[in-house]
Amino acid sequence: MVTKINTVSKIIDENDKIQNNEVDLDQALNVAGLGWYNIKYCLALSLFLIAAIMEPVGYSFLLPSAKCDLEITDSARGFIGSVPYIGIVLTSFPWGYLVDTRGRKKMIVYSSFAAGVFGILASFMPDLISFTIFKFLCALCIACPAAAPYSFIGELLPQRYRDVTLSIVNAMQITGAAMVPLLAWAILPLDFRVNFGLYVFRPWRLLGMLYSSSFLISAFIMSFGPESPKFLVSQGRHDESLETLKKIYSGNTSKPAEYYPVKRLKLPVQTEMEKPSFVQSLVQQTLPLIKPPYLKWMMLSGFLLFGLFATLNGLYMWLPDVLNRVLSGGSVGLTACDIIGQRLNETISANAECNDKITSITFMINTIANFSCAFIALAISSTVKFIGKKALMLLVYVTIGVFCVLINAVTQEILFAILLSSLPLTGLAIGPVNAYAGEIYPTKLRGMAIGLSMMVGRVGSIVGTNVAGLMINSVCEATFYLFGGGLIFCGALSLLLPRSKDKDSEKTKMEFTHL
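Presented here is an overview of the structure given in this document. Note that the coordinates shown come from a computational prediction; the quantities given were computed from them, not determined experimentally.

So, about the overall build of the chain. Within the chain, the regular secondary structure consists of 24 helices and five strands. Looking at the chain as a whole, 55% of its 515 residues qualify as buried. The contacts in the chain between residues at least 6 apart in sequence include a share of 83% that link residues at least 24 apart. If you sum the accessible surface of the chain, you get close to 21600 Å²; carbon and sulfur atoms cover 65% of it.

Moving on to the state of the cysteines. If you walk through the whole model with that rule in mind, you get one disulfide. A sulfur-sulfur separation of 2.0 Å characterises the disulfide bridge that pairs C337 with C476. Between C337 and C476 the sulfur-sulfur dihedral comes to about -70°; the bridge is accordingly left-handed. Of this pair, C337 sits in helix 16 (residues 336–350) while C476 sits in helix 23 (residues 476–493); the two residues are 139 residues apart in sequence, bridging distant segments of the chain. What makes C337 buried here is its relative accessible area of 10%. Cysteine C141 shares no disulfide, and the gap to the nearest cysteine sulfur, in C138, comes to 6.8 Å.

Under the criterion given, the structure shown has seven salt bridges. Residue D321 pairs with R77 through a salt bridge whose shortest N-O separation is 3.6 Å. Separated by 244 residues along the polypeptide, D321 in helix 15 (residues 319–327) and R77 in helix 5 (residues 74–102) bring together distant segments of the chain. A single burial state applies to D321 and to R77, both of which are buried.

This part takes up unusual backbone geometry. The bulk of non-glycine residues show a negative phi, and the bulk of peptide bonds are trans. At the junction of P292 and P293, the peptide bond is cis and its omega measures out at 10° in the coordinates. Look at E71: it is not a glycine, yet its phi comes out positive at around 55°. Inspection of the secondary structure assignment puts E71 in the loop between helix 4 (59–66) and helix 5. A positive phi angle, close to 60°, is found at S254, a residue other than glycine. Counting through the fold element by element, S254 comes out in the loop between helix 12 (238–253) and helix 13 (278–286).

To continue, consider helix 2 (residues 25–32). Along an α-helix, a turn takes 3.6 residues, which lines up residues three or four apart on a common side. Across the eight residues that make up helix 2, a large majority, seven, are buried. Taken together, the buried positions of helix 2 are occupied by L25, Q27, A28, L29, N30, V31 and A32. Downstream of helix 2 by a residue or two, G33 has a phi angle that is positive, lying close to 80°.

Here we take up the side chain of R205. Relative to the assigned elements, R205 resides in helix 10 (residues 203–222). No salt bridge is formed by the buried R205; its nearest oppositely charged neighbour, D69, is found at 5.2 Å. Here M125 takes part through its backbone oxygen, which lies 2.7 Å from a polar atom of the side chain of R205. In terms of polar contacts, R205 uses its side chain to reach the backbone carbonyl oxygen of V200, at 2.9 Å.

This structure, assessed with the given rule, holds twelve aromatic pairs. Here F61 and F363 contribute two aromatic rings whose centre-to-centre distance is 5.7 Å and whose plane-to-plane angle is 20°, an arrangement assigned as stacked. Residue F61 is found in helix 4, and its partner F363 is found in helix 17 (residues 360–381); the two are separated by 302 residues along the sequence. Accessibility assignment for this pair places F61 and F363 in one class, buried. Each ring, one from F303 and one from F489, has its centre 5.8 Å from the other, and the planes form 85°; the classification is edge-to-face. Taken as a pair, F303 in helix 14 (residues 295–314) and F489 in helix 23 lie far apart in primary sequence, 186 residues in all. Relative accessible area serves as the criterion here: at 37%, F303 is assigned to the partly exposed category. Assessed through its relative accessible area of 47%, F489 is described here as partly exposed.

Relative to the 26 Å expected for 18 residues at 1.5 Å per residue, helix 19 (residues 389–406) spans 26 Å between its end C-alpha atoms, a close match to the ideal helical length. Of the positions making up helix 19, those classed as buried are K389, L392, M393, V396, Y397, I400, G401 and C404. End-on view of helix 19: buried residues confined to an arc of 145°, all on one side of the axis.

Together, V279, V283, L287, I290, L295 and M299 make up an exposed nonpolar region whose accessible area comes to about 520 Å². The set of elements that each furnish at least two residues to the nonpolar patch consists of helix 13 and helix 14. Within the fold, M299 resides in helix 14. With relative accessibility at 57%, the residue M299 sits in the exposed group.

One can find C144 in helix 8 (residues 143–154). For C144, a relative accessible area of 1% puts it in the buried group. Along the backbone, C144 and S112 are 32 residues apart, and their C-alpha atoms lie at a distance of 7.8 Å. Each residue touching C144, except ones within four places of it in the same chain, is listed here: W95, V99, M107, I108, S111 and P149.

Another aspect to go through is the packing of helix 3 (residues 36–57) against helix 12. Each pair of packed helices can be described by the angle between their axes along with the distance between the axes. Running from amino to carboxyl end, helix 3 crosses helix 12 at an angle of 105°, the nearest separation of the two axes being 6 Å. Accordingly, the angle class assigned to the pair helix 3 and helix 12 is roughly perpendicular. Contact residues: helix 3 offers W36, Y37 and N38, while helix 12 offers K247, I248, G251 and N252. By residue class, the composition of the contact of helix 3 with helix 12 is three nonpolar, three polar and one charged.

Criteria and thresholds
Numbering of residues begins from 1 in every chain and follows the order in which that chain's sequence is written. It should be noted that, the model being predicted, local features are given only for residues of pLDDT at least 70 and side-chain atom pairs only at 80 or more, the latter also being counted only at that level, while totals for whole chains, interfaces and linings use all residues. The basis for the side-chain values is all heavy atoms of the structure; hydrogens and waters are excluded. Secondary structure elements are defined from DSSP: runs of H or I of at least 4 residues count as helices, runs of E of at least 2 residues count as strands, and each element is numbered from the N terminus. Here the term buried applies to any residue with accessible area under 20% of the maximum for its type, exposed to any over 50%, and partly exposed to those in between, with areas from a 1.4 Å probe on protein chains only. Residue contacts follow a heavy-atom distance rule, with two residues in contact if any of their heavy atoms lie within 4.5 Å. Here, Shrake-Rupley sampling with a 1.4 Å probe gives the accessible areas, and only protein chains in the shown set may cover a residue. Cysteine sulfur atoms that come within 2.5 Å of each other are treated as a disulfide pair. What makes a salt bridge here is a side-chain nitrogen of Lys or Arg within 4 Å of a carboxyl oxygen of Asp or Glu, nothing more. Only four residue types enter the tally: Lys and Arg on the positive side, Asp and Glu on the negative side; His and the chain ends are excluded. Polar contacts, as used here, are pairs of N or O atoms within 3.5 Å; protein pairs need one atom able to donate a hydrogen and one able to accept it. Residues neighboring in sequence count only if both atoms are side-chain atoms. Pairs were defined over the aromatic rings of Phe, Tyr and Trp, the Trp ring being its six-membered one, requiring ring centres within 6.5 Å. Orientation was assigned from the angle between planes: stacked under 30 degrees, edge-to-face over 60, tilted for the rest. Helices are assigned an expected span. That span is 1.5 Å times one less than the residue count. Note that the arc is computed from the directions linking the helix axis to the C-beta atoms. Only residues whose relative accessible area exceeds 30% and that take part in no salt bridge are eligible for patches, with like-charged residues grouped when within 9 Å of each other and nonpolar side chains (Val, Leu, Ile, Met, Phe, Trp, Tyr) grouped when within 5 Å. Axis definition: a line fitted to C-alpha atoms, limited for helices to the stretch in contact. Angles are taken between N-to-C directions and run from 0 to 180 degrees. Put simply, angles under 35 degrees are roughly parallel, angles over 145 are roughly antiparallel, angles from 65 to 115 are roughly perpendicular, and the rest are oblique. Each residue is assigned to one class: nonpolar for Ala, Val, Leu, Ile, Met, Phe, Trp, Tyr, Cys and Pro, charged for Asp, Glu, Lys and Arg, and polar for all the others, Gly among them.

See below:
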């Protein structure tokens, strides 16, 4: 086998260089290459992200369908819908610490298993209080599978493939949002009631079980996967990291692991010190992030994710309800907010009995729109290598922001549905924001940095859910101006992010070719 390293100035023999010298991890990953092994577990990790979307976004269909059984008032729905994000915010910090100090794989698998169990148990709860408690316990475990897979995926791939892979995985995450209305369309129209005494088992309970079971499936698949080689190197576990790289190489090339040319890895310099306590280690992981030079980047990424999640999870939680009201209004020549106000007055005057039905057109439009968004996201993500992370972020923020503003002007129901249903595309910006973390922060801080940034983003989900709930009936037009303007402002802030290191070093990085 003749393997060559192409550089700007010369071509050197790879085997002599690699076998006789210590190699840093990025070079070792380049030698292992990209193939079925990486892709297989990147797909497995993307399932965690899909599950972390399906569980909280599923509230947009669960709560309207459960409002009669659990006696949920409209005023309480915004708060209950934000419960998953409250749990995530409370635990992003400790989960980030555990991911960086105890291992990526172990923490993701354990947390996802617990989230699945608590979520399924919530579906059997007889009243709103017990239902909310178990959903809150589920939410305490979601922060890990909702954030850690981003850094994990980046640490399994050669550097030149990370941006495009993270963006494609991020686009696949939108598939999770697409599965929410599809499953709801399949389950909620079913007409069955099983009386267990304390509660009646109806379709919405089965739907809740299906949403939560995605965590259990993801945890089972990943339990067979590898640990992050970067984490192992950062912990001084050289031999384990080398064995993982051999498996990646063998799985990608279908050659025996013994053929992997890298024999030694460069380990980070570690001084002999007493192992710090939990609190001391937590402080060591966090303090560098809230001091220069990382403070400004933490604040910027946190704000970008805040604005993103306020719309993606906050405003989007009300999308089925808003669509249901507008599309069943039967009015012509009125804007969406005019119809919402009209329907609200009719509901108050009618004083009708509790109705938890969702129209078929709402399911259909949500399903079609979300799958369309998923395909659009995949197409756009495949171009990130050419247009760049920053350009993609700017495009997403500004486009969806303008769509939100235009909702107040359109009077055609179909055009309104298209504009409102484009909200899932906002999720395209999550991958690029987190990809910057892979460049800005060192390995030992990366998991904590992404976890904290995502925590700030989830605060945006809490704020967005409650603000949208309070404003949509009283000041409807201001709601869409607020969310649309916020996204456009975030687009302007994204210009402050540093230039991608990949572009700066494109000419000097090494490429490995196997013949």
